[in-house]
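Structural overview
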Amino acid sequence: MQTVGNSQIQMTTQEKIDRFCDYFSGQIEAVSQLSIQGSDELDWSQNQVRFYRKVILVNYVDTLAGIRFSRQKYPQFTRQNQYRFKRFLEEGGCWDDGAYVSLPFLEESIRRGKIGAGRLKDFISNQLENAATQDGGSINFREIDVLAKDLLAMTSTEQEEKEVEYNQHYSLLYRYRNHLVHESREPGGAMDVSGDGDEPFYHGYLNEEGLFLAYPEDLFKAILAKAIAYTRSYLEKHEFDPWSFVGETSKW
């Protein structure tokens, strides 16, 4: 039973699930409408609004992960937010591309001595050899990155295995989320503008070496849409009342 004003509305579990999930679905459109009137897409203020939209969207994903792996059902995840976030995306099929590993990030691991001579190092170097974008262009991540399972088959040390897992896109997205939420900034130097699609890409600059990873705004929208569908499926399968997983806030 849910109280609205002075009246009480008797709702079935399915109606509660529908209302709960529909709220998040509506937020995707609501967040998309956030803008600053009178400025164009190249205006700095619009870039800031894009940042705000990303913060909201990734927070919604995190919220749903907390419903799926709630404190009541999974108390061991209370202090394991990164693991919960990654498992939610992976098990829920919210972002299958998260299974890929960023080779430009692994190249940095080579420079830091985390990956030594061997198959993995040779593969990374060969893969990136023709991936330069010094003309200022962009490259879809699929043209460069490789699935973690394929790279793990090339590792020869525990340290190399850790580097592969650490630079998998699931992990990178969580670190990206931390920069957004805890540091109020978008990491990296990639140019992220509207129309980039909903997949990660690498961006280069004229006469400058190196590739910069970008997670476009539409990627966050796509992940959230799948996260909502997964949460709905989970709640319906077990006939859970979603509001039972929401913390009490009556004293605030």
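Conventions and cut-offs
Residues numbered from 1 in each chain as written. Predicted model: local features only at pLDDT ≥ 70, side-chain atom pairs only at ≥ 80, totals over all residues. Heavy atoms only, no water. Buried < 20%, exposed > 50% of the residue type's maximum accessible area, 1.4 Å probe, protein only. Helix = DSSP H or I, 4+ residues; strand = E, 2+ residues; numbered from the N terminus. Arc of directions from axis to C-beta. Contact = heavy atoms within 4.5 Å. Pairing = 2+ DSSP bridges. Axes fitted to C-alpha atoms, helices over the stretch in contact; angles between N-to-C directions. Salt bridge = Lys/Arg side-chain N within 4 Å of Asp/Glu carboxyl O. Lys, Arg positive; Asp, Glu negative; His and termini not counted. Polar contact = N/O pair within 3.5 Å; in protein donor to acceptor, adjacent residues only side chain to side chain. Parallel < 35°, antiparallel > 145°, perpendicular 65-115°, else oblique. Left-handed = near helix turned anticlockwise from the far one by under 90°. Nonpolar A, V, L, I, M, F, W, Y, C, P; charged D, E, K, R; others polar. pLDDT = per-residue confidence, 0-100.

What follows covers helix H7 (residues 158–166). Every buried residue of H7 is accounted for by Glu-160, Glu-163 and Val-164. For H7, the arc enclosing every buried residue in end-on projection is 100°, short of the 170-degree limit, so these residues lie on one face. Against strand E3 (100–101), helix H4 (103–111), helix H5 (119–129) and helix H6 (148–152) lie the buried residues of H7.

Across the sheet, which stays open at both edges, the three strands sit in the order E4-E6-E7 with antiparallel pairing between neighbours. Since the sheet does not close on itself, it has two edges, and those belong to strand E4 (138–140) and strand E7 (208–214), each with one partner. Shown here is a sheet whose adjacent strand axes are inclined to one another by a mean of 25°, direction ignored. Inspection of the sheet shows E4 paired to strand E6 (residues 201–205) by three bridges, in the antiparallel sense. What sits directly across from Ser-138, in E6, is His-203.

A word on the pattern of salt bridges. One pass over the structure, following the stated rule, counts 19 salt bridges. With a shortest N-O distance of 3.3 Å, Lys-16 and Asp-241 are connected by a salt bridge. Here Asp-241 lies in the segment after helix H9 (217–238) and Lys-16 lies in helix H1 (residues 13–32), a separation of 225 residues in the sequence. The class for Asp-241 is partly exposed, based on a relative accessible area of 22%. Residue Glu-186 is joined to Lys-54 by a salt bridge in which the shortest nitrogen-to-oxygen separation is 2.8 Å. One end of the pair, Glu-186, is in the loop between helix H8 (169–183) and E6; the other, Lys-54, is in helix H2 (residues 44–68), and 132 residues separate them in sequence.

A separate point is the side chain of Glu-160. Positionally, Glu-160 belongs in helix H7. Despite its burial, Glu-160 pairs with no opposite charge; the closest candidate is Lys-121, at 9.1 Å N-O. Of the polar contacts made by the side chain of Glu-160, one reaches the backbone nitrogen of Gly-116; its length is 3.3 Å.

Glancing now at the environment of Glu-91. Take Glu-91: it is sitting in helix H3 (residues 81–91). Setting aside its immediate chain neighbours within four residues, Glu-91 contacts Arg-68, Phe-69 and Tyr-230. There is a polar contact of 2.7 Å between the side chain of Glu-91 and the side chain of Arg-87.

Let's shift gears to the packing of H4 against H5. Relative orientation of the contacting elements H4 and H5 amounts to 130°, with a least axis distance of 10 Å. Put simply, H4 runs oblique to H5. The interaxial crossing formed by H4 with H5 has left-handed handedness. On H5, the residues that touch Leu-103, Pro-104, Leu-106, Glu-107 and Ile-110 of H4 are Lys-121, Phe-123, Ile-124, Gln-127 and Leu-128. When grouped by side-chain class, the residues that make up the contact of H4 with H5 number seven nonpolar, one polar and two charged.

Scored by pLDDT, the protein chain comes out at a mean of 89, with 88% of its residues at no less than 70. Scored below 50 in pLDDT, residues 4–8 makes five contacts in the model with residues more than four places away or belonging to other chains.

Where H3 meets H8, the closest approach of the two axes is 10 Å, and the angle between their N-to-C directions is 125°. Between H3 and H8, the crossing angle belongs to the class labelled oblique. Here H3 runs over H8; the crossing is right-handed. Each of Asn-81, Gln-82, Phe-85, Lys-86, Leu-89 and Glu-90 in H3 lies in contact with H8, whose residues at this interface are Tyr-170, Ser-171, Leu-173, Tyr-174 and Arg-177. Residue composition of the contact of H3 with H8, by class: five nonpolar, three polar and three charged.

With a phi close to 55°, Ser-184 is a non-glycine residue in the positive phi region. Looking at where Ser-184 falls in the secondary structure, it is placed in the loop between H8 and E6. One non-glycine residue with positive phi stands out, namely Glu-239, at about 55°. Structurally, Glu-239 can be placed in the segment after H9. On the accessibility criterion, Glu-239 (64% relative accessible area) is exposed.

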